[in-house]
Amino acid sequence: MDGASERAPTAPVPATEQAPSVLVPTTEDAPYVPASATKEAPYVPVSATEDAPSVPVPTTEQARKRKNADADNTTEPKRRRLSRNQTNPVEETQKDIEEREEAKRNRGREPHGSPRVWAEKRAALSDSLPYFRIHQGSLQTQNMVPKGMLIDSEVGPRDYFGSQVIITSIGGGRVRDESTGKMTRETDQNDQKGDCKALLGHIGKTIPVIAGAGHSKYPVNPPHYYCVLGHFQITDIWAEKSKNSHNKDVKFHMIRLEKVDLKTRSWFAPKGVSPEVAGEFLPGEYACEKQTCDSCRAESKTKFTHGWTCLHKKCEKFFKFGDSDVKFNDLRYNDNFLRERTQYSEVPEDNPEEVCPIVPGLPQQDDDSLGCEALFKRGIVCPKCGCCSNRIKWQGWYCLNDSCDFELLMPIKLVTPEKITLQHEDAMLKFKAWRDPEIIHEEVVIGLYKVHIYLIPVIPDDGKEKVFIGSIIHFEALSYSEGSSDPEASDNLITRTGGFNDLYEEMQTQDIKLERRGAKNANHRIEELTSHFSANFGAPYKFGVVVKDSVAFANAPKPVMETLLRLTWAGGFGVKETHVKLKQNHPTVEHKIPEDFKPFNEELVLGYFENSKIGAHDDGEKELGPTVASLSLGAPSVMSWHPKKPKGLQAEDKAKYKPALSILLKHGDMMVMHGELIQKYYNHSVTPMGLHRFAMTCRHIKEESILDPEQRKRSVADGKIPDEWAAREYNGTKDKFVHRGTDVEAPLPGTPA
Ligand SMILES: O=C(O)CCC(=O)C(=O)O
Ligand SMILES: [Fe+2]
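Residues numbered from 1 in each chain as written. Chains lettered and ligands numbered in written order. Predicted model: local features only at pLDDT ≥ 70, side-chain atom pairs only at ≥ 80, totals over all residues. Heavy atoms only, no water.

Participant: Is there a simple way to explain the coordination of the iron ion (ligand 2) in this structure?
Facilitator: Reference geometry at the metal: tetrahedral coordination by four donors gives ideal angles of 109.5 degrees; octahedral coordination by six donors gives 90 or 180 degrees. Surrounding the iron ion (ligand 2) are the protein donor atoms His 617 (NE2), Asp 619 (OD) and His 684 (NE2), at 2.1 to 2.3 Å. Between the donor residues of the iron ion (ligand 2), the gaps in sequence give the motif H-x1-D-x64-H. Of this pair, His 617 sits in strand E26 (residues 614-617) while His 684 sits in strand E31 (residues 682-688); the two residues are 67 residues apart in sequence, bridging distant segments of the chain. The residues His 617 and His 684 share a single accessibility class, namely buried. (Donors = N, O, S within 2.8 Å, 3.2 Å for Na, K, Ca; no water. Helix = DSSP H or I, 4+ residues; strand = E, 2+ residues; numbered from the N terminus. Buried < 20%, exposed > 50% of the residue type's maximum accessible area, 1.4 Å probe, protein only.)

Right under this line is the structure:
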């Protein structure tokens, strides 16, 4: 699959209603050298200076261009851009320079303690914390209630990061300036929308706060990129003003958060520094004065060293400081505002640690769960070291901290045939098949398969001749279609000894070593993982990605090899039948639909949990032959093909666009795509409708396409079918495994006598 290719982001942002406002923060561009997992390993600070070299992290637009789309995360919010000739209004003042120096000093300081929860990668953080499930943005909300917040690299001149107090601007409504890469605010922030509305409705509420090492005002050198700071109370939200790139005033909102537990020293207070210097105080020690505005009669705190101003944005006196011509960037908060502490009125049932524990509990399987429900695909926080750890392996969780040995294994319970039948019945009620009228549908029955042959054209622009570019062939295993055959019968494809139920059971009981892999921004801090788990057998499919742990056919487990024989039959039959049908007078693109079938030398196994899926992509890498065949086991799933460029539709409307073809792949069904142009003109996607599914897909990797001699040698060796398997074949007409070229039944290698 052109993996990194065209895979549409799959799931919507979980647990939040609005598109996150702050995107990949700017200092995502700054290099972060992950502290190795040991506590002593220092965090190498992101230098606060401008000359910090930047890591070329793709902007979302670049990322889109790079066609990454497989990730198990979020839809990417749209972002407006500033044109190149607009200038960034933020000029550096003397204060900025001093603060930058201070920030540098802070970055040299060791923290007083260590965080209870941490992560090096955003996907691990967001996968593991119920209070921060968003993969982009800085505020998680649920039904407009704030649940958790991240402060990272978007740091304004008045942002404050102390041992007990955090002040930051509320995200939303900013655009990225193309020339500087920084987020800037061009228009007034709407407080009736998004994060701002959610936060304004919850002053006094407590939420966990996470800090990213990209924050230039971090008071210490943090041990990891993302560290949970603890529970904070929202004490103040107010409006301020700054200038946009056209030097016009824009209004936006700031938020002040205060640590709930003021009695215990913060882990992120600098080590060896007195509480007073670290900014640690108790309620009653300081108070910020208030004044009533003589114009709007509302109260505002005296927040700035420049003196009092009305902070009610509709008032005519809003943000006016006497007669002086204040430069907004010069304004600083006064000490009393930073030092006052709010008495937290603790109602026992509202104890934030009970309502939302900073270290969430480990997932637990009950009698009714299989272990592959969506909940079990989430990450965990390691109870030993606090490291947020994605579920990467099919078998369970392994702490991502190299120096921690915690593991939590959770074998999935056997999915019985009865469970598959139930899921199948449910899917039949919900599924609506769809075929574009331009696609020709033919049907033949062979053995116990009802074979649907779809001849696929390039859907023509008006007036042009329709040209066929290949076929999609769906082998429907008859036992699950109308007029199903007797489940007890020995000729039942699914239930017979050695049939699909047995194959499915073997796949479940053998360790196939399925893993989730990096889909987007691989190896970077904002890497996303695929939604599904995978393992490759035979010739390595993707040098660089899956390849390192690809297993040669010689070492592949029996169900993988059995599937290879089954799909080889389906592929050969599909290619033959495609040409039988095309010869019935259908115009084709010559030479693009070969008549000979190139045997498979690769098999990719995908494992799907509940809600896993594979987003739109093609299997059109240049190394691949023209035929791809797959077998489905377990939960039924919807497989759809979309034209890549729908006529007259803008890219944004693509999501609403009907696929050209949608079929239901059921337990035991096989699917063949033949013709390389199908991959050029169409994307496909698969969405399972159940809890547990395997898809095994065979391809032909063209030896001659691998330029590196070492890689080519390995590809040929690994893709070689061991003699005992090569001596056998599947005869689909008779649903039998036979000695190759004969009619004589042959037991499969590894079958108990
Ligand atoms: O899950 C499936 O049936 C298909 C998977 C697929 O498209 C792929 O492996 O490229
Ligand atoms: Fe695919």
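Participant: What is the right way to read the site of ligand 1 from this model?
Facilitator: Of all residues adjacent to ligand 1, which total 12 residues, the nearest are Tyr 608, His 617, His 684, Arg 693 and Arg 699. A distance of 2.5 Å separates an oxygen atom of ligand 1 from a polar atom in the side chain of Tyr 608. Separating an oxygen atom of ligand 1 from a side-chain N or O atom of Arg 699 is a distance of 2.8 Å. When residues of the shell around ligand 1 are traced back to their parent elements, those giving at least two are strand E25 (602-608), E31 and strand E32 (693-701). Here the shell around ligand 1 takes four residues from E32, the largest share from any one element. (Near = heavy atom within 4 Å. Polar contact = N/O pair within 3.5 Å; in protein donor to acceptor, adjacent residues only side chain to side chain.)

Participant: How should I be thinking about the packing of helix H9 (residues 500-509) against helix H10 (residues 558-582) in this particular structure?
Facilitator: For the pair H9 and H10, interaxial distance at closest approach is 9 Å and the crossing angle is 140 degrees. Classified by the angle their axes make, H9 and H10 are oblique. Residue-level inspection shows Phe 500, Leu 503, Glu 506 and Met 507 of H9 in contact with H10, the latter providing Lys 558, Pro 559, Glu 562, Thr 563 and Arg 566. Tallied by class, the residues present in the contact of H9 with H10 amount to four nonpolar, one polar and four charged. (Axes fitted to C-alpha atoms, helices over the stretch in contact; angles between N-to-C directions. Parallel < 35°, antiparallel > 145°, perpendicular 65-115°, else oblique. Contact = heavy atoms within 4.5 Å. Nonpolar A, V, L, I, M, F, W, Y, C, P; charged D, E, K, R; others polar.)

Participant: Would you mind going over the pairing of strand E30 (residues 670-674) with me for this structure?
Facilitator: The side chains of a regular strand alternate, residue by residue, between the two faces of the sheet. Counting buried residues in E30 gives five out of five residues, a clear majority hidden from the surface. Side-chain alternation along E30 places Met 670, Val 672 and His 674 on one buried face and Met 671 and Met 673 on a second face that is also buried. With five bridges joining them, strand E21 (residues 467-477) and E30 adopt antiparallel strand pairing. Its bridge partner being in E30, Phe 475 is matched across the sheet by Met 670. (Pairing = 2+ DSSP bridges.)

Participant: I'm lost on the pairing of strand E33 (residues 728-731) in this one. Help?
Facilitator: Across four bridges, E33 lies against strand E34 (residues 736-739) in antiparallel orientation. When the sheet's bridge partners are listed, Asn 731 is paired in E34 with Lys 736. In sequence, E33 turns back onto E34 through a hairpin of four residues, with Asp 735 there showing a positive phi of about 50 degrees.

Participant: Hey, could you run me through helix H8 (residues 417-430) in this one?
Facilitator: In an α-helix, one turn spans 3.6 residues; hence positions three or four apart end up facing the same way. The end-to-end C-alpha separation of H8 is 20 Å, in line with the 20 Å expected for 14 residues at 1.5 Å each. In the core, the buried residues of H8 are packed alongside H9, strand E27 (624-634) and strand E29 (661-665). (Expected span 1.5 Å × (residues − 1).)

Participant: In this structure, what is going on with the sheet that holds E31? I would like to understand it.
Facilitator: Pairing between the strands of a sheet comes from backbone hydrogen bonds, and it takes one of two forms, parallel or antiparallel. Spatially, five strands are ordered E18-E29-E28-E31-E26 in an open sheet, and the strand pairing comes out antiparallel. Every other strand in the sheet has two partners, leaving strand E18 (434-435) and E26 as the edge strands with one partner each.

Participant: Explain the environment of Lys 666 to me, please; I cannot follow it from the model alone.
Facilitator: Locating Lys 666 in the fold gives a position in the loop between E29 and E30. Residue Lys 666 is classed as buried on the basis of its relative accessible area of 3%. Expressed as a C-alpha distance, the spacing of Lys 666 and Ser 637, which sit 29 residues apart in the sequence, is 6.6 Å.

Participant: I would appreciate a short explanation of the packing of aromatic side chains in the present structure.
Facilitator: Geometrically, a pair of aromatic rings is defined through the distance of the ring centres and the angle of the planes. All chains considered together, the criterion is met by 27 aromatic pairs. Measuring from ring centre to ring centre gives 5.0 Å for Trp 394 and Phe 609, while their planes differ by 65 degrees; the resulting arrangement is edge-to-face. In this pair, Trp 394 sits in the loop between strand E15 (388-389) and strand E16 (396-398) while Phe 609 sits in the loop between E25 and E26, placing the two residues 215 residues apart along the sequence. In this structure Phe 609 comes out as buried when scored by relative accessible area, which is 0%. Relative to Phe 609, the ring of Phe 533 has its centre 4.9 Å away and its plane inclined at 35 degrees; by these criteria the two rings are tilted. Here Phe 533 is found in strand E24 (residues 533-538), whereas its partner Phe 609 is found in the loop between E25 and E26, with 76 residues between them in sequence. (Phe/Tyr/Trp six-rings, centres within 6.5 Å; stacked < 30°, edge-to-face > 60°.)

Keep in mind these numbers describe shape, not what the thing actually does.
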